[in-house]
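Architecture at a glance
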Amino acid sequence: MQSIPHFINGVRVDAPGELPIHNPATGQVIAQVPVARADVIARALDVSREALTTWRASSLSRRTQVLFALRQLLVQHEDELAAIITREHGKTLADAKGELARGLENVEYACGLSEHLKGDFSDQVADGVDVHSVREPVGVVLAITPFNFPIMVPLWMCANALASGNAVILKPSEKDPSVSVRLGELLREAGLPDGVFQVLHGNATTVEALLEHPGVDAVSFVGSTPIARSVHARATAAGKRVQALGGAKNHMVVLPDADLDVAADAAINAGYGSAGERCMAISVVVAVGDVADALVAKIAERADRLRVGAGDDPTSDFGPLISAEHLARVRGYVTSAPRDAITVVRDGTTIEPSEGYFLGPCLLDHVQPGTPAYDDEIFGPVLSVVRVDNFDEALRLVNANPYGNGVAIFTRDGNAARLFAKRVTVGMIGVNVPIPVPVSAYSFGGWKSSLFGHAHIYGPEGFAFYTRAKVITTRWPQPSETQIDLGFPRTR
Ligand code: NAD
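One structure accompanies this document, and this report is about it. Residue indices begin from 1 for each chain and proceed along its sequence in written order. For this predicted model, a pLDDT threshold of at least 70 governs which residues receive local features, and a threshold of 80 or more governs which side-chain atom pairs are given and counted, while totals over whole chains, interfaces and linings are taken from all residues. By convention in this description, side-chain values take in all heavy atoms of the structure and omit both hydrogens and water.

1. Digging into the overall build of the chain
Scanning the chain for helices and strands turns up 16 helices and 22 strands. A compact globule built from 492 residues should have a C-alpha radius of gyration of about 23 Å, and the chain, at 25 Å, falls within 12% of that. Across its three principal axes, the chain shows a C-alpha extent of roughly 85 × 60 × 40 Å. A contact between two residues is defined here by any heavy atoms of the two lying within 4.5 Å. Residue pairs at least 24 apart in sequence account for 72% of intrachain contacts in the chain once pairs closer than 6 positions are excluded. By element, 52% of the accessible surface of the chain is carried by carbon and sulfur atoms, the whole surface being about 20300 Å². Separation of charge centres in the chain, based on 44 positive and 55 negative side chains, amounts to 4 Å. Note on conventions: DSSP H or I runs of at least 4 residues are helices, E runs of at least 2 residues are strands, and numbering of each starts at the N terminus. C-alpha atoms define the radius of gyration, and 2.2 Å times the number of residues to the power 0.38 defines the globule rule. Here the accessible surface of atoms and residues is derived via Shrake-Rupley with a 1.4 Å probe, and residues count as covered only by protein chains that are part of the display. When charges are tallied, Lys and Arg are placed among the positive residues and Asp and Glu among the negative ones, while His and the ends of the chain are skipped. Here the site of a charge means NZ on Lys, CZ on Arg, CG on Asp, or CD on Glu.

2. Focus: the sheet that holds strand β5 (residues 121-126)
Taken in spatial order, the three strands make up an open sheet running β5-β6-β22, and their pairing is antiparallel. Whereas interior strands pair on both sides, the edge strands pair on one side only; in this sheet they are β5 and β22 (467-475). Strand after strand, the sheet turns through a mean of 30° between neighbouring axes, direction not considered. A pair of strands counts as paired when DSSP detects no fewer than two bridges linking them. Bridge count between strand β6 (residues 129-137) and β22: nine bridges; the pairing is antiparallel. Along β22, the bridge assignment pairs V129 with R475. Convention adopted: a line fitted to C-alpha atoms gives each axis, helices being fitted over their contacting stretch, and angles between N-to-C directions are expressed from 0 to 180 degrees.

3. Let's talk about the site of the ligand
We define proximity as follows: a residue is near a molecule or strand when any one of its heavy atoms falls within 4 Å of that partner. Near the ligand lie 26 residues; those nearest to it are K171, E174, S224, G246 and E377. Identification of polar contacts relies on pairs of N or O atoms within 3.5 Å, with a donor-acceptor requirement for protein atoms, meaning one able to donate a hydrogen and the other able to accept it, and with residues adjacent in sequence counted only if both atoms are side-chain atoms. For the ligand, a nitrogen atom lies 2.8 Å from a polar atom in the backbone of G246. Looking at the shell around the ligand, the elements that each hand over two or more residues are α8 (204-212) and β10 (218-222). In terms of residue class, the shell around the ligand is made up of 15 nonpolar, eight polar and three charged. Residue ranges labeled as domains rest on an automatic or database domain assignment. When residues of the shell around the ligand are sorted by domain, at least three fall in each of domain 1 (6-246 + 450-472) and domain 2 (250-431). Residues are grouped as follows: Ala, Val, Leu, Ile, Met, Phe, Trp, Tyr, Cys and Pro are nonpolar; Asp, Glu, Lys and Arg are charged; all remaining types, including Gly, are polar.

4. A closer look at unusual backbone geometry
Phi at A341 takes a positive value of approximately 60°, unusual for a residue other than glycine. The residue A341 is located in the loop between α12 (324-335) and β14 (343-346) in this model. Only protein chains enter the accessibility calculation, which uses a 1.4 Å probe; a residue is then buried when its area is under 20% of its type maximum, exposed when over 50%, and partly exposed in between. Classification of A341 as exposed rests on a relative accessible area of 60%. Not every positive phi belongs to a glycine, and K448 is a case in point at roughly 55°. Along the polypeptide, K448 turns up in strand β20 (residues 447-448). Judged by relative accessible area, which is 30%, K448 ranks as partly exposed.

5. What about the packing of aromatic side chains?
Between rings of Phe, Tyr and Trp, where Trp is taken as its six-membered ring, a pair exists when centres lie within 6.5 Å; planes separated by under 30 degrees are stacked, by over 60 edge-to-face, and by other angles tilted. Taken as a whole and assessed by the stated rule, the structure comprises eight aromatic pairs. For the ring pair W156 and F444, a centre distance of 4.5 Å and an interplane angle of 40° mean the geometry is tilted. On the criterion of sequence distance, the pair formed by W156 in helix α6 (residues 152-163) and F444 in the loop between β19 (428-431) and β20 is long-range, its members being 288 residues apart. For the pair formed by W156 and F444, the shared burial category is buried. An aromatic cluster is defined as three or more aromatic residues linked by ring pairs; in this entry it consists of W156, F444 and Y458.

Written out as structure tokens, the structure is:
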């Protein structure tokens, strides 16, 4: 059985496989992944610290060239990378290419690094005194990523971290780790010096050892809320800079004036795309006023037309879930729904594939807070409809939810949309846009239990997170200008 190698100091490093990797479309174990422990971690961090000394001193134009070359290589290898992702994750090839495209945006943004890393200069803040600021790399960045976007989320982190002159250790999800190793090889081909970007595989044991290690300066984490909370606490206690993005429960509010066909299409795309395994997936449709019956009918009629199948079958709309355990968990929300007075409008559990972790589109109506279907992040192809009487009730519902990653409002009323965007306690808001993932010139981040630490990821906040500011105050006094003065220096 093939074991996925670590990527240390520019080469693949074999290690005994310990955890199985499944092809979710067949359920077969297709490879194994090792678990990096103290000795491998110590070796990799020694390499990172050494590589950091030269990379942080590299010129901005050199770094730009590497990122430009990486961009080209990612484009050239699109088919290969998408196939690797689909084989281990299960998503359709088109969806895998979509996530690569969104990751690529971050590389393109990072190519503008000489603009993003520019400091400020103030001439003559006091007589003969100037001030300027610079941003320096924070050091060795640990990037810990989830299974659901195996190339996009690593690129969210690595592009800006490398552009800022840091060394990076990526600990990808153990469920679909192979594409990270290819990313390492492509970075090397792009001209990144050995050791600046490394990949260590493993699970919680590996993450815990890395978080304790004094050689790690900053931690970027994306994953589920309980792990994000714990990684944030541990890394902070260990004195590291940390941003930890967690889970989500994204609502889509449909006001009575909305175009219901537009809203139904959006609910289908954002609810069932990638089998609902997106952190910005819509999982709750909030039907306001009297739209619910018509909206539920339109969503159900569209759900009936979806085709669930293997990700490499071009006729599939979405693929399998990531694992047998996850499939059982998601099915449980649907089979137990009637006990909570929830109407199962479409029951995707009735499909019985001969192999793989498939679940058809599920649609639940009359869902209420306080039930597991509403309260938990399901992370599967399950759309819940909550019926509310008016705008204020919809807003209260969204704001009372402990998550605050994304939210959407569908309406033709600009004022209602504006009020909603102002009053809602969520980080990313779509107006007639169901998955409002910001483009790379903005930063991505939720509120409440969807983000621990203050820094959003990628975009301007990414550059800020991966750098430390220095402010230099300069004076070149002439001998005649010096004097003894014990007062606190004043600018006037
Ligand atoms: P996960 O939390 O199980 O795993 C994420 C990473 O943490 C993996 O690399 C994993 O190996 C590691 N890990 C697992 N257990 C750990 C532990 N006890 N201690 C330390 N590290 C541990 O998440 P997942 O199932 O891979 O991904 C799905 C989750 O990620 C969902 O909750 C989804 O909403 C969330 N997500 C959030 C965003 C966002 O931007 N907010 C983006 C993508 C995914």
